[in-house]
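Single-letter residue listing:
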Amino acid sequence: MSERPQHRRPATFKLDDPGVIVMDPDDTSRPSRGTVHVTPETDPALLPVPVEAPILPIQRGFRWGAVFWTAIAGLVLLGTGLGIAHLIEDLFARSESLGWLGLGFAFAAALALAVVIAREALGLARLATIEKLHQRAAMVLLSDDRPESRAILQDLLKLAHQNPQLARARATLTGHADDIIDGADLIRLAERELMTPLDQEARRLISSAAQRVSIVTAVSPRAVVDVLFVFAASLRLIRQLARLYGGRPGALGMIRLMRHVIAHIAITGGMAASDSLIQQVLGHGLAAKLSQRLGEGVLNGLLTARLGLAAIDVTRPLPFTALPRPALGDLAKDLLLKRDAEG
């Protein structure tokens, strides 16, 4: 028979006692007899936090397609300007009043075009700033660079200075700006203070958009109407999320955001996750309780919600570290509960 292990009785000792040895958890050596060895436990606060690896931009070579479209746009612009010049000359030849009226319209059109171009350029620059902030914050979470975290905090405060919902958060972060805080901890503090109300509002926007899509596609008689409404609702949702997190996308900005959202879904396997969720919904028999059209509406709402979650990852200026990432399953449960309540 094997002997029972002898348990050491509880005893008190001092850490400065020469008979007490503090050993590393990975140390495999055996301490000498008569000594007490202490193995410190790992502090949970010091454990590494999973951080998303920053996506590095793809280095591209010379783009002949961009040269082609730039040349085409230049030719169209020159032709349009020449046509307008000839039109104004003809108007002056016919009547001086018509000529001045046409010249006024031309100046108004040129001014409006300049304003639109400026707004598109500012929107693209703002989206690029948010994207760089996201990448810089991800790098600081890995490197724990304190000066860079201070610079990121100042950029975040400038980005959020026009949002009245973040007034209290801005005051709190401003008070901690000069405190001795590690770089990664400062990024997590900024995320908790600034992103918490924005994430809650983003979840509300996604739930509302998914609800509208599920209702409209459930009652619409044509598949074409379903496709058009889902596309319009997705564009509106992405624009709302971008404006919520500080972006002001124009037409070109929306094209860029759509490309990034679709690329994010393709990279992260989001459609596969949506398919698995749909299979769970069907497997649990929830869709069997619904009519065919209502079931299609619920599935369209889930896909819209998945698109909104991808848009959050693209438009959010900070990666998810201190706060939980919104899950598609939670939104699906909310959507199904609302559908059951209405049914």
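Note that the structure is a prediction, hence the values are computed from the model and not measured.

Criteria and thresholds
Residues numbered from 1 in each chain as written. Predicted model: local features only at pLDDT ≥ 70, side-chain atom pairs only at ≥ 80, totals over all residues. Heavy atoms only, no water. Patch = residues over 30% accessible without salt bridge, like charges linked within 9 Å, V, L, I, M, F, W, Y side chains within 5 Å. Areas by Shrake-Rupley, 256 points an atom, 1.4 Å probe, with all protein chains shown as cover. Salt bridge = Lys/Arg side-chain N within 4 Å of Asp/Glu carboxyl O. Helix = DSSP H or I, 4+ residues; strand = E, 2+ residues; numbered from the N terminus. Lys, Arg positive; Asp, Glu negative; His and termini not counted. Charge placed at Lys NZ, Arg CZ, Asp CG, Glu CD. Core = buried A, V, L, I, M, F, W, Y, C linked by side-chain atoms within 4.5 Å. Buried < 20%, exposed > 50% of the residue type's maximum accessible area, 1.4 Å probe, protein only. Contact = heavy atoms within 4.5 Å. pLDDT = per-residue confidence, 0-100. Axes fitted to C-alpha atoms, helices over the stretch in contact; angles between N-to-C directions. Parallel < 35°, antiparallel > 145°, perpendicular 65-115°, else oblique. Left-handed = near helix turned anticlockwise from the far one by under 90°. Nonpolar A, V, L, I, M, F, W, Y, C, P; charged D, E, K, R; others polar. Phe/Tyr/Trp six-rings, centres within 6.5 Å; stacked < 30°, edge-to-face > 60°. Lys NZ or Arg CZ within 6 Å of the ring centre and 35° of its normal. Polar contact = N/O pair within 3.5 Å; in protein donor to acceptor, adjacent residues only side chain to side chain.

Any chance you could break down a nonpolar patch on the surface for me, citing the residues and the numbers?
On the surface, Phe68, Trp69, Ile72, Leu75, Val76 and Leu78 cluster together into a nonpolar patch covering about 670 Å² of accessible area. The residue Leu78 is located in helix H1 (residues 64-94) in this model.

If you had to explain a positive patch on the surface to someone new, which residues and values would you point to?
On the surface, Arg119, Arg239, Arg243 and Arg248 cluster together into a patch of positive charge. Inspection of the secondary structure puts Arg119 in helix H2 (residues 96-143).

Run through the nonpolar core, naming residues and quoting values.
By size, the foremost hydrophobic cluster in this structure holds 52 residues, and its most contacted members are Ile238, Leu241, Val261 and Ile312. Contributing elements (two or more residues each) for this core: H2, helix H3 (146-159), helix H4 (167-175), helix H5 (183-219), helix H6 (223-244), helix H7 (251-268) and helix H9 (292-315). In terms of residue count, H5 provides more of this core than any other element does, 13 residues in total. Excluding its chain neighbours within four sequence positions, the residues that come into contact with Ile238 are Met254, Leu257, Met258, Val261, Leu307 and Ala311.

Could you give an account of the confidence of the model for the protein, naming the residues involved and the relevant values?
Chain-level statistics for the protein give a pLDDT mean of 77 and a share of 69% at 70 or above. Note on residues 271-275: pLDDT is under 50 here. Beyond four places in sequence and across chains, it has five contacts.

Any chance you could break down the environment of Leu173 for me, citing the residues and the numbers?
With respect to the secondary-structure elements, Leu173 resides in helix H4. Residues Leu173 and Leu157, spaced 16 residues apart in sequence, show a C-alpha to C-alpha distance of 8.4 Å. Residues contacting Leu173, with those up to four places away along its chain left out, are Leu153, Leu157, Leu189, Ala190, Glu193 and Leu194.

Give me the packing of H2 against H5: which residues, what numbers.
The axes of two packed helices give the description: the angle between them and the distance between them. One can describe the packing of H2 onto H5 by two numbers: an axis separation of 7 Å at closest approach and a directional angle of 135°. With respect to H5, the element H2 is oriented oblique. Regarding H2 and H5, the two cross each other, and that crossing is left-handed. In this structure, H2 contributes Ala137, Val140 and Leu141 to the contact, and H5 contributes Gly183, Ala184, Ile187 and Arg188. Its residues assigned to classes, the contact of H2 with H5 shows five nonpolar, one polar and one charged.

Can you lay out the pattern of salt bridges for me, pointing to particular residues and giving the numbers?
One pass over the structure, following the stated rule, counts nine salt bridges. A salt bridge links Arg136 to Glu148, with the nearest nitrogen and oxygen atoms 2.7 Å apart. Residue Arg136 is found in helix H2, and its partner Glu148 is found in helix H3; the two are separated by 12 residues along the sequence. The partly exposed category is assigned to Arg136, whose relative accessible area is 27%. In this structure Glu148 comes out as partly exposed when scored by relative accessible area, which is 25%.

Could you give an account of unusual backbone geometry, naming the residues involved and the relevant values?
Here the phi dihedral of Asp144 falls at roughly 60°; this positive angle occurs in a residue that is not glycine. Tracing the chain through its elements places Asp144 in the loop between H2 and H3. For Asp144, a relative accessible area of 36% corresponds to the partly exposed category.

Pulling in residues and values, what's your account of the packing of aromatic side chains?
All told, the structure shown has two aromatic pairs when counted by the stated rule. Seen from their ring centres, Phe68 and Trp69 are 5.2 Å apart, and the 75° between their planes marks the pair as edge-to-face. Given a relative accessible area of 46%, Phe68 falls into the partly exposed group. Residue classification places Trp69 among the exposed positions, given a relative accessible area of 59%. Here Phe92 and Trp100 contribute two aromatic rings whose centre-to-centre distance is 5.5 Å and whose plane-to-plane angle is 80°, an arrangement assigned as edge-to-face. Since its relative accessible area comes to 31%, Phe92 is described here as partly exposed. You can call Trp100 exposed: its relative accessible area is 52%. Here the basic side chain of Arg316 rests over the ring of Phe320, its NZ or CZ set 3.8 Å away from the ring centre.

Pulling in residues and values, what's your account of the environment of Asp144?
The spatial distance from the C-alpha of Asp144 to the C-alpha of Gly183 is 4.6 Å, given a sequence separation of 39 residues. Among all residues touching Asp144, those that are not within four sequence positions of it are Asp182, Gly183 and Ala184. At 2.9 Å, the side chain of Asp144 forms a polar contact with the backbone nitrogen of Gly183. Side-chain polar atoms of Asp144 contact the backbone nitrogen of Ala184, separated by 2.8 Å.

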